[in-house]
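Results of the structural survey
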Amino acid sequence: MLSRPVLIVLLEAGDIDYRTVGTHRRITASSLSEYTGKDDQRRREAADEFAQLGQGMRMIQ
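These lines cover the structure that appears in this document, whether it is placed above or below. All values derive from a computational prediction rather than experimental measurement.

Next up on the list: the pattern of salt bridges. Across all of its chains, the model carries 4 salt bridges by this definition. The salt bridge involving R42 is made with D39; its shortest N-O contact spans 2.5 Å. In this pair, R42 and D39 both sit in helix α2 (residues 29-56), 3 residues apart, roughly one turn of the helix. A cluster of three or more residues bridged by salt bridges with shared partners is formed by D39, R42 and R43.

And the structure:
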């Protein structure tokens, strides 16, 4: 779940596609799904990197 201000930042940064109708922003379900998929992948990669670092430092056995 995202707060409204965080969502607005993501929209304005171009991370999630949207269109404007009047003063309202419209986000398609496919754009939101694409963003969540990319975000999940980024999180998995970061977790894998931390695990590798931990193994290299003998923190994780």
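Our focus in this paragraph is a nonpolar patch on the surface. On the surface, a nonpolar cluster with roughly 230 Å² of combined accessible area is contributed by Y18, I27 and L32. Relative to the assigned elements, L32 resides in helix α2. Using a relative accessible area of 38% as the deciding quantity, one classes L32 as partly exposed.

With that settled, the discussion passes to the side chain of S31. Within the secondary structure layout, S31 lies in helix α2. With relative accessibility at 11%, the residue S31 sits in the buried group. Among all residues touching S31, those that are not within four sequence positions of it are I16 and D17.

Note on soluble globular proteins: their nonpolar side chains tend to be buried together. By size, the foremost hydrophobic cluster in this structure holds 5 residues: I8, L10, L11, I16 and Y35. Looking at which element gives the most residues to this core, the answer is helix α1 (residues 4-13), with 3 residues. Setting aside chain neighbours within four positions, we find I16 in contact with L7, L10, L11, I27, S31, L32 and Y35.

Conventions adopted
- Residues numbered from 1 in each chain as written.
- Predicted model: local features only at pLDDT ≥ 70, side-chain atom pairs only at ≥ 80, totals over all residues.
- Heavy atoms only, no water.
- Salt bridge = Lys/Arg side-chain N within 4 Å of Asp/Glu carboxyl O.
- Helix = DSSP H or I, 4+ residues; strand = E, 2+ residues; numbered from the N terminus.
- Patch = residues over 30% accessible without salt bridge, like charges linked within 9 Å, V, L, I, M, F, W, Y side chains within 5 Å.
- Areas by Shrake-Rupley, 256 points an atom, 1.4 Å probe, with all protein chains shown as cover.
- Buried < 20%, exposed > 50% of the residue type's maximum accessible area, 1.4 Å probe, protein only.
- Contact = heavy atoms within 4.5 Å.
- Core = buried A, V, L, I, M, F, W, Y, C linked by side-chain atoms within 4.5 Å.

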